[in-house]
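Residue-level listing of the chains:
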Amino acid sequence: MKILVTGGAGFIGSHTVVELQQAGYDVVVVDNLCNSSEKSLQRVEAITGKKVPFYKADILDRNALEEIFTREKVDAVIHFAGLKAVGESVQKPWEYYENNIAGTLTLVDVMRGQGVKNIIFSSSATVYGNPAVIPITEDCPKGQCTNPYGWTKSMLEQILSDIQRADTEWNVILLRYFNPIGAHKSGTMGENPNGIPNNLMPYITQVAVGKLPQLGVFGDDYDTPDGTGVRDYIHVVDLAVGHVKALKKIEERAGLKIYNLGTGVGYSVLDIVRNFEEATGVKVPYVIKPRRDGDIAACYADAGLAREELGWTAQYGIREMCEDSWRWQKNNPNGYEN
């Protein structure tokens, strides 16, 4: 099978390309590089020994997508491309709705016209809003999302579900990620945000490497054991393997499926800081700041369905996630711009 990976130069996308190539799939990457680097794909090629065909294009660009699909004859799409910062989405809702929703509608319309009806969608635990039950199963009702980023994921899940119900030739798998961290064991690939990181682990590693003075911890008055937000952190390689497992499910004519990808364990922000310090021997100074708009107290998964139906479980623990994140940052203090 030939797989088109949108956003394939990004953090999760590039690690997934490694796993896809190592599993024997042909891969084509589309990315507009707005929050990623083409150099990540050079690192992929060095790891796998295989070429990664790459197109710099935006999913909003219908003509570019038509040309790529016509040329490459893809069989399925793994769709990562999208803006993804919770706080930024509160400040820039229009940009998030335009990019994530209009872009996906364009992509799916081009797929439909080309007869490509297999898609794995990069969704998020944010669709549960402030979850009704914890740990969160796929049966947990989708909630009121607390930010525009979450709403784009929730709306796109609905759109893709409706398309599949209207045309059962479609195979749609919605993967609800929890919080990916870590990096490739080689230390040559990892999370490489532009500017000040929006996610916890790259912020910690940039403080540890001396690029930032201290970590900002947003809120210490949540109803959690230490007052800081609790999340389910998953190693990015485990997450990437989940996409390979999902492709196998698509090959079985999956129809419409939804899976949580998480570890089932919740860690607070301060838990992560402590684990990082213990794993690396590097102190991470932090300061408590006000809560961020759109954040919730706790969110962690029940990933039993993925275990039962995909044969997937997370293999890496929090210590390995911290060690691998630090190896990447220490070896690449300026990310891919070394």
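Refer to the preceding data block for the structure.
Quick look at the structure, then. (Residues numbered from 1 in each chain as written. Predicted model: local features only at pLDDT ≥ 70, side-chain atom pairs only at ≥ 80, totals over all residues. Heavy atoms only, no water.)

1. Describing the overall build of the chain
Each helix and strand counted, the chain has eleven helices and 14 strands in total. Over its C-alpha trace the chain gives a radius of gyration of 19 Å, about what one expects of a compact globule, namely 20 Å for 338 residues. If one aligns the C-alpha atoms of the chain with their principal axes, the spans along those axes are about 55 × 45 × 40 Å. Counting every position in the chain, which comprises 338 residues, the buried fraction comes to 55%. Look at the contacts in the chain between residues 6 or more apart in sequence, and 79% of them connect residues 24 or more apart. Roughly 13,700 Å² of accessible area belongs to the chain as shown, and the carbon and sulfur atoms make up 47% of that amount. In the chain, 34 side chains carry a positive charge and 42 a negative one; their mean positions are 3 Å apart. (Helix = DSSP H or I, 4+ residues; strand = E, 2+ residues; numbered from the N terminus. Rg over C-alpha atoms; globule rule 2.2 N^0.38 Å. Buried < 20%, exposed > 50% of the residue type's maximum accessible area, 1.4 Å probe, protein only. Contact = heavy atoms within 4.5 Å. Areas by Shrake-Rupley, 256 points an atom, 1.4 Å probe, with all protein chains shown as cover. Lys, Arg positive; Asp, Glu negative; His and termini not counted. Charge placed at Lys NZ, Arg CZ, Asp CG, Glu CD.)

2. A closer look at the environment of G219
Tracing the chain through its elements places G219 in the loop between strand 8 (215-218) and strand 9 (230-231). Take G219: its relative accessible area is 3%, and that puts it in the buried class. Among residues more than four places away in sequence, those in contact with G219 are G227, T228, K289, P290 and R291.

3. Here we look at the sheet that holds strand 6 (residues 171-177)
A sheet is described by the order of its strands in space; here seven strands give the open sequence 3-2-1-4-5-6-11, paired in parallel fashion. Two strands close off the open sheet at either side, each with one partner strand: strand 3 (54-56) and strand 11 (256-261). For this sheet, the mean angle separating the axes of adjacent strands, direction not counted, is 20 degrees. In this sheet, strand 11 lies alongside strand 6 in parallel orientation, the contact comprising six bridges. Bridging from a neighbouring strand, V172 pairs with L256 of strand 11. (Pairing = 2+ DSSP bridges. Axes fitted to C-alpha atoms, helices over the stretch in contact; angles between N-to-C directions.)

4. As for the pattern of salt bridges
As a working rule, side chains carrying opposite charge can pair if their charged atoms are close by. Scanning the entire structure with this criterion turns up 22 salt bridges. Linking K142 and E157 is a salt bridge whose minimum nitrogen-to-oxygen distance equals 3.4 Å. Of this pair, K142 sits in the loop between strand 5 (118-124) and helix 6 (148-166) while E157 sits in helix 6, placing them 15 residues apart in sequence. Between E277 and K283 there is a salt bridge; the shortest N-O distance is 3.5 Å. You can call K283 exposed: its relative accessible area is 63%. (Salt bridge = Lys/Arg side-chain N within 4 Å of Asp/Glu carboxyl O.)

5. Some remarks on the packing of aromatic side chains
Applying the stated rule across the entire model yields two aromatic pairs. When the ring of F276 is compared with that of W326, the centres are 5.8 Å apart and the planes differ by 80 degrees; the resulting orientation is edge-to-face. With a gap of 50 residues between them, F276 in helix 9 (residues 269-280) and W326 in helix 11 (residues 318-331) connect regions that are remote in the sequence. Judged by its relative accessible area of 11%, W326 falls in the buried class. Note on W328 and Y336: the rings are 4.9 Å apart at their centroids and 50 degrees apart in plane angle, and the pair reads as tilted. For R291, the ring lying beneath its charged end belongs to Y222, and the centroid distance is 4.0 Å. (Phe/Tyr/Trp six-rings, centres within 6.5 Å; stacked < 30°, edge-to-face > 60°. Lys NZ or Arg CZ within 6 Å of the ring centre and 35° of its normal.)

6. Some words on the sheet that holds strand 12 (residues 267-268)
What the three strands build is an open sheet, ordered 12-9-14; its pairing is mixed. Of all the strands in the sheet, just strand 12 and strand 14 (298-299) have a single pairing partner and so form its edges. Direction of pairing for strand 9 relative to strand 12: antiparallel, over a ladder of two bridges. Looking at strand 12, one finds that V230 is bridged to S268.

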